[in-house]
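Residues per chain, in single letters:
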Amino acid sequence: MHRFLRWYNQNREIFFIGLAMIVFIFIIIQVLNAIVGRPNEETGYNTEGNSSTNSTTISEPSTSVITGETMSEEETTSITNTIKQFVEYCNNGEIENAYNMLTDECKTLIYPTIESFTQNYYQRIFYINRMYSLENWYDDGSLYTYYIKYTEDVLASGNLNSEDNKGDYITVVETENGYRLNISSYVGREMMNDKVNSDNIVITVNWLDMYMDYTIANLSVTNNRESDISLDTKDGNYTMYMYDTNNVKYNSFLHENSEEQLRVRNGLTNTINIKFNKMYNPERELRGVIFSNVVLNYEDYISGTSEKNSITIKLEF
């Protein structure tokens, strides 16, 4: 003890520097445990013997930040495990396995080939090892939508100040073959098959493809009249729109459709996709679509031989 005190009196500066370094290292370890270890404990994941698991983190995925509704622990675990598996496949370079987790609709609409998925999703996000966090947004029966934030794996890179973050909306879809994923802000497809028959014109809404920022309606229009018609001549505002239970209108983006797409020749059926500015929100239930500029004498109107003869068709869901 006497020797230690004598050494201490002679080397106080060295002693305190060493003590400070020990405290600093301890703090760093605790911070890393808080970043990585706690989410794993909360979700009950076993990380032993699996280095890629350390790259996935989840924070409070059971409660919606939008509605405040809470899912059961069992349901949350099943859903978040699906997202966890997808991220692990991507981190491990198992691109085909990750791609096969997507729904058929997501593949058809956004990533029709594994090459397109690789170039436009995998390579844009997983050029480094990723950790992630989740925010629960909506639970709509068989659709579970989360905001996912991809961050750099600080354990793999050692870069504690990284700002290389990516964000996306990811939806887990419950299918007959288990859980599948929709990514890149695509939420899912709602089958409709609602139709209306007016003035020998049959309009059917086959399905709605829902994205976080808009909705696309797939329509089939059958023209049983003796002349060509136009679903809309795009010469007015709010001539074609959806509306919900609160009578809120969601305008169409008809500028994205050509005049020929909107034209339906007599005796034929035309199938067309129309985009509407309806953001995804399952609490805003749609009630129908209004077509207020359906032109019955389209050929005569565009040739200038007669005034426009238009009608309004209302299709209710």
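Structure's up top.
Figured I'd write up the structure that's included with this text. Source: prediction; values computed, not measured.

Rules used throughout
- Residues numbered from 1 in each chain as written.
- Predicted model: local features only at pLDDT ≥ 70, side-chain atom pairs only at ≥ 80, totals over all residues.
- Heavy atoms only, no water.
- Pairing = 2+ DSSP bridges.
- Helix = DSSP H or I, 4+ residues; strand = E, 2+ residues; numbered from the N terminus.
- Axes fitted to C-alpha atoms, helices over the stretch in contact; angles between N-to-C directions.
- Core = buried A, V, L, I, M, F, W, Y, C linked by side-chain atoms within 4.5 Å.
- Buried < 20%, exposed > 50% of the residue type's maximum accessible area, 1.4 Å probe, protein only.
- Contact = heavy atoms within 4.5 Å.

**Re the sheet that holds strand S7 (residues 215–223)**
Sheet strands pair by backbone hydrogen bonding; their relative direction is either parallel or antiparallel.
And then number 1: A sheet is described by the order of its strands in space; here four strands give the open sequence S5-S6-S7-S12, paired in antiparallel fashion. Since the sheet does not close on itself, it has two edges, and those belong to strand S5 (186–198) and strand S12 (269–276), each with one partner. Across the sheet, the mean angle from the axis of one strand to that of its neighbour is 15°, orientation sign disregarded.
And then number 2: Here nine bridges tie strand S6 (residues 201–211) to S7, and the two strands are oriented antiparallel to one another. The partner of Ile203 across the bridge, within S7, is Val221.

**Concerning the nonpolar core**
And then number 1: Ile83, Phe86, Leu102, Phe117, Tyr121, Tyr150 and Ile183 are the most contacted members of the largest nonpolar core, which has 32 residues in total.
And then number 2: Looking at this core, the elements that each hand over two or more residues are helix H3 (73–91), helix H4 (95–99), helix H6 (114–125), strand S1 (130–140), strand S2 (143–152) and strand S3 (166–175).
And then number 3: In terms of residue count, the dominant contributor to this core is H3 (six residues).
And then number 4: Not counting chain neighbours up to four residues away, the residues in contact with Tyr121 comprise Phe86, Tyr111, Ser116, Phe126, Tyr150, Asp168, Ile183 and Ser184.
And then number 5: If you look at the next biggest cluster of nonpolar residues, it comprises 28 residues, including Val205, Ile229, Ile272 and Val289.

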